[in-house]
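One-letter residues, chain by chain:
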Amino acid sequence: MLPYIAEFIGTMMLILLGDGVVANVTLNKSGMKGAGSIQITIAWGLAVMVPAFIFGAASGAHFNPALTIALAVDGSLGWNMVPGYLIAQFAGAFFGACLVYILFKEQFDATDAAGTKLGVFSTGPSVPNMPLNILSEAVATFVLVFAIKGIGQVVGCAPGVDKFLVFGIIVSIGMSLGGLTGYALNPARDLGPRLAHAVLPIKGKGDSNWGYAPVVIVGPVIGAIVAALLYGAIPWA
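Quick notes on the rules
- Residues numbered from 1 in each chain as written.
- Predicted model: local features only at pLDDT ≥ 70, side-chain atom pairs only at ≥ 80, totals over all residues.
- Heavy atoms only, no water.
- Phe/Tyr/Trp six-rings, centres within 6.5 Å; stacked < 30°, edge-to-face > 60°.
- Helix = DSSP H or I, 4+ residues; strand = E, 2+ residues; numbered from the N terminus.
- Buried < 20%, exposed > 50% of the residue type's maximum accessible area, 1.4 Å probe, protein only.
- Axes fitted to C-alpha atoms, helices over the stretch in contact; angles between N-to-C directions.
- Parallel < 35°, antiparallel > 145°, perpendicular 65-115°, else oblique.
- Contact = heavy atoms within 4.5 Å.
- Nonpolar A, V, L, I, M, F, W, Y, C, P; charged D, E, K, R; others polar.
- Expected span 1.5 Å × (residues − 1).
- Bend = angle between axes of the 7 residues up to and from the residue.
- Patch = residues over 30% accessible without salt bridge, like charges linked within 9 Å, V, L, I, M, F, W, Y side chains within 5 Å.
- Areas by Shrake-Rupley, 256 points an atom, 1.4 Å probe, with all protein chains shown as cover.
- Salt bridge = Lys/Arg side-chain N within 4 Å of Asp/Glu carboxyl O.

Under the defined criterion, the tally for this structure stands at nine aromatic pairs. Here the aromatic rings of phenylalanine 53 and phenylalanine 164 are separated by 5.3 Å at their centres, their planes lie at 75°, and the arrangement is edge-to-face. Of this pair, phenylalanine 53 sits in helix H2 (residues 37–59) while phenylalanine 164 sits in helix H8 (residues 161–181); the two residues are 111 residues apart in sequence, bridging distant segments of the chain. Judged by its relative accessible area of 39%, phenylalanine 53 is partly exposed. Ring geometry for phenylalanine 146 against tyrosine 231: centres 5.7 Å apart, planes inclined by 80°, an arrangement best described as edge-to-face. Highlighted residues: phenylalanine 146 in helix H7 (residues 130–150) and tyrosine 231 in helix H10 (residues 213–233), separated in sequence by 85 residues. Looking at phenylalanine 146, the relative accessible area reads 22%, which means it is partly exposed.

Here the focus is the packing of helix H3 (residues 65–73) against helix H4 (residues 82–103). At a closest axis distance of 9 Å, the pairing of H3 and H4 adopts a crossing angle of 170°. In this view, H3 runs roughly antiparallel relative to H4, as classed from their interaxial angle. Counted together, Pro65, Thr68, Ile69 and Ala72 of H3 and Val82, Tyr85, Leu86, Gln89 and Phe90 of H4 form the full contact between these two elements. Looking at the contact of H3 with H4 residue by residue, the classes come out as seven nonpolar, two polar and no charged.

Bringing H8 into the picture now. With 21 residues, H8 extends 29 Å between its outermost C-alpha atoms, agreeing within 8% with the 30 Å of an ideal straight helix rising 1.5 Å per residue. Most pronounced at methionine 175, the bend in H8 amounts to some 55°. Among the residues of H8, those classed as buried are Lys163, Val166, Ile169, Ile170, Val171, Ile173, Gly174, Gly178 and Thr181. Contacts from the buried residues of H8 go to H2 and H7. Positive backbone phi, approximately 85°, marks glycine 182, located one or two places after H8.

Let's shift gears to a nonpolar patch on the surface. A cluster of nonpolar side chains, namely Leu17, Ile38, Ile42, Leu46, Val50, Phe53, Ile54, Phe164 and Met175, defines an oily patch on the protein surface of about 770 Å² accessible area. Among the elements of the structure, H2 and H8 are those that each provide at least two residues to the nonpolar patch. Sorting elements by how many residues they give to the nonpolar patch places H2 first, with six residues. Its place among the elements puts isoleucine 54 in helix H2. With relative accessibility at 48%, the residue isoleucine 54 sits in the partly exposed group.

Below is the structure:
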């Protein structure tokens, strides 16, 4: 039970901090409005790192269905654990997004642009092109998972340092590839908050753009699986 609780709370914290920084930077009447993409990118790295420190020992700190599935494919996680992990991750992401709405309700009410409101919750492409958008998410998630697996090659890595390395991985991906699709890298990170956007009574929220959902499912899952399998095929020793 502990791994599932850890994945739920950890993913909720991830979205609270990650979607929270987007709200903080983009919504009207927010004290940090206009701070820009650098703050968002660094804060998303921290949003992954903080719960990873807390729950790494309890669940492995996946917080990401694509990573969970990839680790099951390469044998690092039992398939019997996967359904519980996925349910916890999507539920945590949904509730984290609901908390962001509650905390920033006045700012949402003061913001007219529907696209800005949706952008707090979920990702979107700078140039809509589904095949290329899926490829972008696949490549970015490949880098994420391959690099996470590669932390094991760091000789003498002290306990906890790996979480700082994950922070660096997330920031690097965001700053280099984030402008293409918003670097979801994670189906739960996008679809849980997107569902929250769809059901919450957000003033003037507009459409939740469910047509984009295949990008954040197919791309990350393919990229994560390829990364795990390739990493396992390399004769490291």
